[in-house]
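Read off the chains here:
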Amino acid sequence: MEFNLDVPFIRDILAQECARARDEIRDLGAVRALQSSQQRHDGRIAAAPDVDTLACAAGCTWCCYFTVDVRAAEVFAILDFVERRFTPEERARVYAEVRANSGALKKLGDSERVTRNLKCPFLSEGRCGIYAARPQSCRNYHATDVAGCQQSYDDPDDMDIDPEFAPGVYQAGVAHVEAFSTAMHDAGYDVDAYELNCALDAALSEPGARERFESRLKPFTELDGEEVAAEFDDLEP
Ligand code: SF4
């Protein structure tokens, strides 16, 4: 789908979010700054001019079987949320599912991994169990037509299926995430992308992962992250 970039709109979000995130990372630390930023992220998407064209609704879960990328700060924010909100039984179920998914994914090559439908461990009874702490990838995944999402689910090997999206929502979400990542990167934190299940498994099993992250080191010793290219790099202030 082709669309025109709204350059002033993107520049405004990049400048505002970068400045606010820099202050909050300094004052609150990386994980709490992320939690604060997530509320602005949702607000920006809700205020996008074409938000009413989205087909996304509670109970629609096709995208919760697709690969989810996360940054380390999101992994620790999710684990904090689970520790606070889930019962011991729910935690045990989710962590067992995380380990099973991670084990299955580690046996696959890169291309097989992204074309494998795998239920997200947080999807339960048709709802996201960590909605307030869900990753930025989930916050930014939107479609204006459910059929495209279902097609991707039915035919995961076909990478050419591209569900219709809302350009305003897309630009607001991507600009927000890129601004926060720039602020994190400039503060020295790891901003590589990791697969959700593998990163959660590593955070739960590798002693000192969070301390390494807070010390501005690579948090996971047995997991390679991927550098994410910024889409609006040339529009940054
Ligand atoms: S974290 Fe929530 S929204 Fe994201 S894939 Fe999992 S269940 Fe779906």
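It should be noted that the structure appears before, not after, this text.
Everything in this summary refers to the structure shown in the same document.

Criteria and cut-off values
Every chain is numbered independently, its residues counted from 1 as its sequence is written. Local features in this predicted model are restricted to residues whose pLDDT is 70 or higher, and side-chain atom pairs enter the listing and the counts only when it is 80 or higher, whereas totals over whole chains, interfaces and linings include all residues. Computation of side-chain values covers all heavy atoms of the structure but excludes hydrogens and water. Classification of ring pairs uses Phe, Tyr and Trp, with its six-membered ring standing for Trp, and accepts pairs whose centres are within 6.5 Å; under 30 degrees between planes counts as stacked, over 60 as edge-to-face, and the remaining range as tilted. The numbering of helices and of strands both runs from the N terminus, where a helix is a DSSP run of H or I of at least 4 residues and a strand a run of E of at least 2. Accessible area is worked out with a 1.4 Å probe on protein chains only. A residue is then buried under 20% of its type maximum, exposed over 50%, and partly exposed in between. Note on criteria: charge over ring means Lys NZ or Arg CZ within 6 Å of the ring centre, with the direction from the centre no more than 35 degrees off the ring normal. Convention adopted: a line fitted to C-alpha atoms gives each axis, helices being fitted over their contacting stretch, and angles between N-to-C directions are expressed from 0 to 180 degrees. Small angles under 35 degrees read as roughly parallel and large ones over 145 as roughly antiparallel, with 65 to 115 read as roughly perpendicular and the rest as oblique. Handedness of a helix crossing follows the sense of rotation of the near helix relative to the far helix, less than a right angle counterclockwise being left-handed and clockwise being right-handed. The contact definition used throughout considers only heavy atoms, calling two residues in contact when any of these lie within 4.5 Å. Each residue receives one of three labels: charged for Asp, Glu, Lys and Arg, nonpolar for Ala, Val, Leu, Ile, Met, Phe, Trp, Tyr, Cys and Pro, and polar for the others, Gly being one of them. Among buried residues, the Ala, Val, Leu, Ile, Met, Phe, Trp, Tyr and Cys ones that are joined through side-chain atoms within 4.5 Å form a nonpolar core. The working definition used for a salt bridge is a side-chain nitrogen of Lys or Arg within 4 Å of a carboxyl oxygen of Asp or Glu.

## Digging into the packing of aromatic side chains
One pair of aromatic rings is described through two measures. These are the centre distance and the angle between the planes.
Line of reasoning, step 1. Summed over all chains, the structure comprises ten aromatic pairs.
Line of reasoning, step 2. Relative to F213, the ring of F76 has its centre 5.5 Å away and its plane inclined at 35°; by these criteria the two rings are tilted. Taken together, the residues F76 in helix α3 (residues 72-85) and F213 in helix α10 (residues 209-214) connect sequence positions 137 residues apart. Comparing F76 with F213 shows no difference in burial state: the two are buried.
Line of reasoning, step 3. With a centroid separation of 5.0 Å and 85° between ring planes, the pair formed by Y194 and F220 is classed as edge-to-face. Here the residue Y194 occupies a position in strand β4 (residues 194-195), and F220 occupies one in the segment after α10, the gap between them amounting to 26 residues.
Line of reasoning, step 4. Since its relative accessible area comes to 2%, Y194 is described here as buried.
Line of reasoning, step 5. One aromatic cluster in this structure is built from F76, Y189, Y194, F213 and F220.
Line of reasoning, step 6. Its end group placed over the ring of Y131, R134 keeps NZ or CZ at 3.8 Å from the ring centre.

## Some thoughts on the packing of helix α2 (residues 30-46) against helix α8 (residues 167-186)
In a packed pair of helices, the relevant descriptors are the angle between the two axes and the axis-to-axis distance.
Line of reasoning, step 1. Running from N to C, α2 and α8 cross one another at 165°; their axes reach a closest spacing of 9 Å. If you check the angle between α2 and α8, you find them roughly antiparallel. The crossing of α2 and α8 is right-handed. For the pair formed by α2 and α8, the contact residues are A30, A33, L34, S37, R40, H41, R44 and I45 on the first element and V169, A172, G173, H176, V177, F180 and M184 on the second.
Line of reasoning, step 2. Partitioning the contact of α2 with α8 into residue classes produces nine nonpolar, four polar and two charged.

## Brief notes about the nonpolar core
Line of reasoning, step 1. Counting 55 residues, the largest nonpolar core has F122, M184, F213 and F220 as its most contacted members.
Line of reasoning, step 2. Element by element, the count of residues in this core is highest for α3, at nine residues.
Line of reasoning, step 3. Apart from the residues lying within four places of it in its own chain, the contact partners of F122 are I78, V82, F86, V94, R127, C128, G129, I130 and L200.

## Focus: the pattern of salt bridges
Charged atoms that come close allow side chains of opposite charge to pair.
Line of reasoning, step 1. Summed over the entire model, instances satisfying the criterion amount to 18 salt bridges.
Line of reasoning, step 2. A salt bridge links E97 to K119, with the shortest nitrogen-to-oxygen separation between them at 2.8 Å. One end of the pair, E97, is in helix α4 (residues 88-106); the other, K119, is in the loop between α5 (110-114) and β2 (123-124), and 22 residues separate them in sequence.
Line of reasoning, step 3. Ionic pairing is found between D190 and K218, a salt bridge with its closest N-O pair at 2.8 Å. Of this pair, D190 sits in the loop between α8 and β4 while K218 sits in the segment after α10, placing them 28 residues apart in sequence.

## As for the side chain of S102
Line of reasoning, step 1. Position of S102 relative to the elements: it lies in helix α4.
Line of reasoning, step 2. With relative accessibility at 0%, the residue S102 sits in the buried group.
Line of reasoning, step 3. In contact with S102, not counting residues within four places along its chain, are N197, C198 and D201.

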